[in-house]
Amino acid sequence: MKLYGSSRSPFVRKVRIAAHETGTEGAIVLEPVVVTALAANPTMLAVNPLGQIPTLVLDDGTVLYDSAVICRYLDRVLGQGRLHSSEPAAEVAMMRLLALGDGLIEVALRLLSELSRQQPDHSDRRLAALHQKLPLIFAALDQEAVAMMLAPFDMAQIAVTAGLCYFDFRLSAHWAWRETHPALAEWFATVSQRPSVVATTFHDELASGDAGREQKVGQA
Ligand SMILES: N[C@@H](CCC(=O)N[C@@H](CS)C(=O)NCC(=O)O)C(=O)O
């Protein structure tokens, strides 16, 4: 199977962690692609009408997107189904936390994109709206932290992990959350040691000493 992705993308990180957790990573070859908000990537548009990563192409040519569908395939079709609960009420609870993790990633990506614009394109109103959400998202995650510590590492925890790893990678100077969210920080310190998380560390192969800020934050 071929996974179109980048080592800078939080949604790709979700898939890569899930691949390790399901023992399917050996069957996946990573096809590196760079995507940017400024122009659609023709390689990606040729395989996925959304032009997005992650996109998984199976050996029979079937194309799967987005990250939720790919993770479900790796876990429920190829793996043991441990990352997705099959009990309806537990599944809804898991999906709600998963939506919070994915939402954290989306807010981080929008924040980076807004911060990368130069004045006067830069919108203080958009930044203010994102900054209104961030403390609420972190407070909600902090409230979930004790339950997460006691629960198995599932798809929801993978999404939250990818989101927090992305904050460390791109926004650590902008948003210091650990001191004000100690339970979440403790849970994150524990899951950060999992082999699946360690093996999939973010890496910006484009970054160089003189790379421009927009290039660094506008691409994934
Ligand atoms: N809902 C999608 C979101 C994927 C996404 O936003 N990927 C970004 C990179 S992190 C992308 O491909 N951006 C380029 C674009 O949207 O054209 C998923 O879960 O896979």
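Being a predicted model, the structure only gives us computed values, none of them experimental.

Procedures and definitions
- Each chain carries its own residue numbering, running from 1 in the direction its sequence is written.
- Where local features are concerned, this predicted model is filtered to residues with pLDDT of at least 70; where side-chain atom pairs are given and counted, the filter is 80 or more; whole-chain, interface and lining totals use all residues.
- Helix and strand definitions follow DSSP, with helices as H or I runs of at least four residues and strands as E runs of at least two, each counted in order from the N terminus.
- C-alpha atoms define the radius of gyration in this analysis, and the globule rule sets the expected value at 2.2 Å times the number of residues to the power 0.38.
- A residue is called partly exposed when the number of other C-beta atoms within 10 Å of its own lies between 12 and 20, exposed at 12 or fewer, and buried at 20 or more, with C-beta atoms placed from the backbone.
- For every residue pair, C-beta atoms are placed from the backbone, and the pair is scored as a contact if these atoms sit within 7 Å.
- A pair of strands is labelled paired if DSSP reports no fewer than 2 bridges between them.
- Placing a C-beta atom from the backbone of each residue, we mark the residue near a molecule or strand if the atom is within 6 Å of it.
- Domain start and end points were adopted from an automatic or database domain assignment.
- Side-chain classes follow a simple rule in which Ala, Val, Leu, Ile, Met, Phe, Trp, Tyr, Cys and Pro form the nonpolar group, Asp, Glu, Lys and Arg form the charged group, and the remainder, Gly included, forms the polar group.
- Take the number of residues in a helix, subtract one, and multiply by 1.5 Å to get its expected span.
- Note on geometry: axes are C-alpha line fits, over the in-contact stretch for helices, and angles between N-to-C directions span 0 to 180 degrees.
- Any angle that falls under 35 degrees is termed roughly parallel, while one over 145 is termed roughly antiparallel, one within 65 to 115 roughly perpendicular, and all others oblique.
- Should the near helix be turned anticlockwise from the far one by less than a right angle, the crossing is left-handed, and should it be turned clockwise, the crossing is right-handed.
- Confidence scores per residue from the predictor, reported as pLDDT, run from 0 to 100.
- Among buried residues, those of type Ala, Val, Leu, Ile, Met, Phe, Trp, Tyr and Cys that are joined through C-beta atoms within 7 Å form a set called a nonpolar core.

Asks: Where do I start with the overall build of the protein in this structure?
Replies: When helices and strands are tallied, the protein shows 9 helices and 4 strands. Each helix and strand of the protein, ordered N terminal to C terminal, gives the series β-α-β-α-β-β-α-α-α-α-α-α-α. Relative to the globule expectation of 17 Å for 220 residues, the C-alpha radius of gyration of the protein, 17 Å, shows essentially globular dimensions. Summarising its shape, the C-alpha atoms of the protein cover approximately 50 × 45 × 30 Å along the three principal directions. A burial count over the protein gives 33% of its 220 residues as buried. Residue pairs in contact within the protein that sit at least 24 positions apart in sequence constitute 72% of those at least 6 positions apart.

Asks: Where do I start with the sheet that holds strand 3 (residues 55-57) in this structure?
Replies: Strand-to-strand pairing in sheets goes through backbone hydrogen bonds, with the strands running parallel or antiparallel. Pairing is mixed in the open sheet, where 4 strands are placed in the order 2-1-3-4. Sheet topology places strand 2 (29-32) and strand 4 (63-64) at the edges, where each strand pairs with a single neighbour.

Asks: How do you make sense of the site of the ligand when you look at a structure like this?
Replies: Near the ligand there are 13 residues, and of these Ser-9, Gln-52, Asp-66, Ser-67 and Ala-220 occur at the shortest range. Residue assignment for the shell around the ligand shows that the elements contributing at least two residues are helix 1 (10-22) and helix 3 (67-78).

Asks: Teacher, can you tell me more about the domain arrangement of the protein here?
Replies: When the parts come together, some accessible area is lost, and that loss is often what is quoted as the size of the interface. Each assigned domain of the protein is listed with its residue range as follows: domain 1 (2-82 + 201-218) and domain 2 (88-198). Here the C-alpha centre of domain 2 lies 19 Å away from the C-alpha centre of domain 1. Those elements that place two or more of their residues in the side of domain 1 that touches domain 2 are helix 1 and helix 9 (213-218). Tallied by class, the residues present in the side of domain 1 that touches domain 2 amount to 8 nonpolar, 3 polar and 6 charged.

Asks: Sorry if this is basic, but what is going on with helix 6 (residues 155-170) here?
Replies: Each full turn of the α-helix corresponds to 3.6 residues, which orients residues three or four apart in the same direction. The end-to-end C-alpha distance of helix 6, which contains 16 residues, comes to 22 Å, matching closely the 22 Å that a straight helix rising 1.5 Å per residue would cover. Buried residues dominate helix 6, accounting for 14 of its 16 residues.

Asks: Explain the packing of helix 4 (residues 88-116) against helix 6 to me, please; I cannot follow it from the model alone.
Replies: Packed helix pairs are characterised by how far apart their axes lie and by the angle those axes make with each other. Interaxial distance between helix 4 and helix 6 falls to 7 Å at its minimum, and their mutual angle equals 20°. The orientation of helix 4 relative to helix 6 falls into the category roughly parallel. The crossing of helix 4 and helix 6 is left-handed. Packed against helix 4, whose contacting residues are Met-94, Leu-97, Leu-98, Leu-100, Gly-101, Asp-102, Leu-104, Ile-105, Ala-108 and Leu-112, the element helix 6 presents Met-155, Ala-156, Ala-159, Val-160, Ala-162, Gly-163, Tyr-166, Phe-167 and Arg-170 at the interface. When its residues are assigned to classes, the contact of helix 4 with helix 6 shows 15 nonpolar, 2 polar and 2 charged.

Asks: I'm lost on the confidence of the model for the protein in this one. Help?
Replies: If pLDDT is low for a region, its predicted coordinates should not be looked at in detail. Residues of the protein with pLDDT of at least 70 account for 91%, and the chain-wide mean is 92. Counted against residues more than four places away or in other chains, residues 208-217, with its pLDDT under 50, gives 11 contacts.

Asks: Whenever I open this one, unusual backbone geometry confuses me. Can you help?
Replies: The phi angle of most residues is negative, glycine excepted, and most peptide bonds adopt the trans form. In this structure, Pro-54 follows Ile-53 across a cis peptide bond, with omega equal to 0°. Residue placement: Pro-54 occurs in the loop between helix 2 (42-47) and strand 3.

Asks: Help me out: how do you make sense of helix 4 in this one?
Replies: Along its 29 residues, helix 4 runs 42 Å from first to last C-alpha, staying within 8% of the 42 Å computed at 1.5 Å per residue. Residues of helix 4 that are buried: Met-94, Leu-97, Leu-98, Gly-101, Asp-102, Leu-104, Ile-105, Ala-108 and Leu-111. Buried residues belonging to helix 4 abut helix 1, helix 5 (124-150) and helix 6.

Asks: Looking at this structure, how should I read the environment of Leu-184?
Replies: Mapped onto the secondary structure, Leu-184 falls in helix 7 (residues 182-191). Each C-alpha atom of the pair Leu-184 and Leu-136 lies 13 Å from the other, and the pair is 48 residues apart in sequence. With near-sequence residues (within four places) excluded, Leu-184 lies in contact with Phe-138, Leu-141, Asp-142 and Ala-145.

Asks: Help me understand the nonpolar core, please; the structure alone is not making it clear to me.
Replies: Here is a general trend for soluble globular proteins: nonpolar side chains tend to be buried in one another's company. Counting 42 residues, the largest nonpolar core has Ala-18, Ile-70 and Met-155 as the members making the most contacts within it. Elements with a contribution of two residues or more to this core: strand 1 (2-5), helix 1, helix 3, helix 4, helix 5, helix 6 and helix 7. The dominant element in this core, judged by the number of residues it contributes, is helix 6, at 10 residues. For this core, the two domains that each supply at least three residues are domain 1 (2-82 + 201-218) and domain 2 (88-198).

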